[in-house]
Amino acid sequence: MTKLLIKLFIKDYENIKSEKVRLKYGVLSGVTGIILNVILSVFKMVFGALTKSISIVADGANNIFDAISSVISLVGFKISGKPADDEHPFGHGRIEYISGLLVSMFILMMGFELLKSSVSKIIHPQEIVATPLVIVILLVSICIKVYMSFYNSSISKKIDSAAMAATAKDSISDSLSTVVVLITTILTYFTDLHIDGWCGVLVAFFVLWAGIGAAKDTISPLLGQPPTKEFVDRIEAIIMEYESQGVLGVHDLVVHDYGPGRMMLSVHVEVPASGDILILHDMIDLIEHRLANELGCSAVIHMDPVCVDDELTNEIKEKVAEIIHEMEGEIKFHDFRIVNGPTHTNLIFDVVVPYDYLMTDTEVVGHIREEVQKIDKNYFVVIEVDKAYR
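Keep in mind it's a predicted model, so treat the numbers as computed, not measured. (Residues numbered from 1 in each chain as written. Predicted model: local features only at pLDDT ≥ 70, side-chain atom pairs only at ≥ 80, totals over all residues. Heavy atoms only, no water.)

(A) Spatial organisation of helix α8 (residues 229-240). With twelve residues, α8 extends 16 Å from end C-alpha to end C-alpha; this agrees with the ideal 16 Å at 1.5 Å per step. Within the span of α8, buried status applies to F231, V232, I235, I238 and I239. Each buried residue of α8 lies within a common arc of 130 degrees when the element is viewed along its axis, so the set occupies one face. Of the exposed residues in α8, those oriented more than 90 degrees away from the buried face are K229 and E230. In this fold, the buried residues of α8 make contact with β1 (249-257), β2 (263-272), α9 (277-295) and β3 (297-306). (Helix = DSSP H or I, 4+ residues; strand = E, 2+ residues; numbered from the N terminus. Expected span 1.5 Å × (residues − 1). Buried < 20%, exposed > 50% of the residue type's maximum accessible area, 1.4 Å probe, protein only. Arc of directions from axis to C-beta. Contact = heavy atoms within 4.5 Å.)

Spelled out as structure tokens, the structure:
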């Protein structure tokens, strides 16, 4: 069904790198969500009122908020598709994350309101009138919500959308909450148990949990999060394809996310210091163009010249590598060079220390300095501590 809708309403649907195509995916998802949620809400609110079931009314109200959320997502997609301008040189892509955050706020508001009304129902219980028709409506609602979850999830993965991912989580939470309402209604129909208020509380917690999860998914890219391992591996693979032409290594990769399809990256690429600078610069330009064309990102590469022909430098570098490899955790180093002086030799390099490493940055530097001094007391280390932005 999802593939059929996509083929019917999105021309050139396979070209997901196109901003216009991506916008159409967002519009299709938003419109579908609005229509289905309004229909579900009307039926649930009407029959919830007739049966005096707070859990059914609350579930229907939740669908209204879902429809509003779909409107927000739709507007967010529209704005995020606007081109860059003087005030926003990197485009408007992060609006999509903001719209996802607003959706999560609506989900949380609905959860708190539902929790209040459910507690009130526990304190002041009312008789519920359950009918087979209501049970059928709830069953249909569950099926539709499960479909909407898979629908939004598939679109989210296809176009890499945090807003769609938040909507998908909301839909699966809705289906679980409706299952709880269904169980309540069935128990009321076949027994004398009256647990409508308690089930309403359970539904509220489902909704709140979905809201918290959706907020996390949208706040993280707004604050700045590391790129996926697959994306990093692909970047490094493209760069290292030029190993035979002079690329020695890659480090200090930083990715800036300005919204889906609007990424900027900077990376340091090591090249031999003895190489022809014009030839190496031409190679770096070629790599930048490949990264832009194949990964859809704007790339800036810093070229790091590395001495590979000096025997003393290579010998000392190997000894430093042994010291670092013997340390616990994944510490790496790069940009190694030596500067000889009349009284001592400076060993200059960067070390990459994980954020959760068991030693502080100062302790790491101190440990390496002590171990290097054991090799030769005339060796002095000059270390710059880096963090892995990936």
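Right, picking up where we left off after that structure.
(B) Representation of the sheet that holds β2 in the model. The sheet built from three strands is open, its strands ordered β1-β2-β3 with mixed pairing. Only two strands of the sheet have a single partner each, and these edge strands are β1 and β3. Averaged over all pairs of adjacent strands, the angle between their axes in this sheet comes to 15 degrees, without regard to strand direction. Alignment of β1 against β2, held across seven bridges, turns out to be antiparallel. (Pairing = 2+ DSSP bridges. Axes fitted to C-alpha atoms, helices over the stretch in contact; angles between N-to-C directions.)

(C) Focus on unusual backbone geometry. At D252, a residue that is not glycine, the phi angle is positive and equals roughly 50 degrees. Its location among the elements puts D252 in strand β1. By relative accessible area, D252 is classed as partly exposed at 23%. Located in the positive-phi region is D335, a residue other than glycine, with phi close to 55 degrees. The topology assignment puts D335 in strand β4 (residues 332-340). Assessed through its relative accessible area of 16%, D335 is described here as buried.

(D) Inspection of the nonpolar core at higher detail. Membership of the largest hydrophobic core comes to 24 residues, with the highest contact counts inside it found for I107, L114, L138, V203 and V207. The biggest single contributor to this core is helix α7 (residues 196-223), with six residues. When neighbours within four sequence positions are excluded, L138 is seen to be in contact with I56, T178, V181, L182 and T185. The next biggest cluster of nonpolar side chains, apart from the first, holds 22 residues, and it includes M327, F336, I338 and V365. (Core = buried A, V, L, I, M, F, W, Y, C linked by side-chain atoms within 4.5 Å.)

(E) Spatial organisation of the sheet that holds strand β5 (residues 345-352). The sheet built from three strands is open, its strands ordered β4-β5-β6 with mixed pairing. Here the strands that pair on one side only, and so sit at the sheet edges, are β4 and β6 (379-386). Each strand axis lies, on average, 15 degrees off the axis of its neighbour in the sheet, ignoring direction. Bridge count for β4 against β5 is seven bridges, and the pairing is antiparallel. Counted as the bridge partner of R337 is I348 from β5. The sheet contacts of helix α10 (residues 311-325) involve β4, β5 and β6, and relative to β4 the element is tilted by about 140 degrees.

(F) How the structure looks around α9. Helix length check: α9, at 19 residues, gives a terminal C-alpha distance of 26 Å against a target of 27 Å (1.5 Å per residue), a fit within 8%. Taken residue by residue, α9 has L280, M283, I284, I287, E288, R290 and L291 as its buried positions. Looking down the long axis of α9, one finds its buried residues gathered within 160 degrees of arc, a one-sided arrangement. For α9, the exposed residues lying more than 90 degrees away from the buried face are L278, I279, D282, H289 and N293. Looking at the packing, one finds that the buried side of α9 touches α8, β2 and β3. Two or three places before L278, at the start of α9, stands the capping residue D276, its side-chain oxygen 2.9 Å from that residue's backbone nitrogen. Just past α9, the residue G296 takes up positive phi, approximately 65 degrees. (Polar contact = N/O pair within 3.5 Å; in protein donor to acceptor, adjacent residues only side chain to side chain.)

(G) Spotlight on the environment of V180. As for its placement among the helices and strands, V180 is situated in helix α6 (residues 162-190). Sequence spacing of V180 and F380 is 200 residues, and the spatial spacing of their C-alpha atoms is 68 Å. Once you skip the residues sitting within four places of it in the chain, V180 turns out to touch C199, L202, V203 and F206.

(H) Here's a closer look at the packing of α10 against helix α11 (residues 361-375). Packing of α10 against α11 brings their axes to within 10 Å, and their N-to-C directions diverge by 140 degrees. As far as their axial angle goes, α11 and α10 are oblique. By crossing handedness, the relation of α10 to α11 is classed as right-handed. Along the contact surface, α10 presents K319, V320, I323 and I324, while α11 presents I368, E371, V372 and I375. Class assignment for the residues of the contact of α10 with α11 results in six nonpolar, no polar and two charged. (Parallel < 35°, antiparallel > 145°, perpendicular 65-115°, else oblique. Left-handed = near helix turned anticlockwise from the far one by under 90°. Nonpolar A, V, L, I, M, F, W, Y, C, P; charged D, E, K, R; others polar.)

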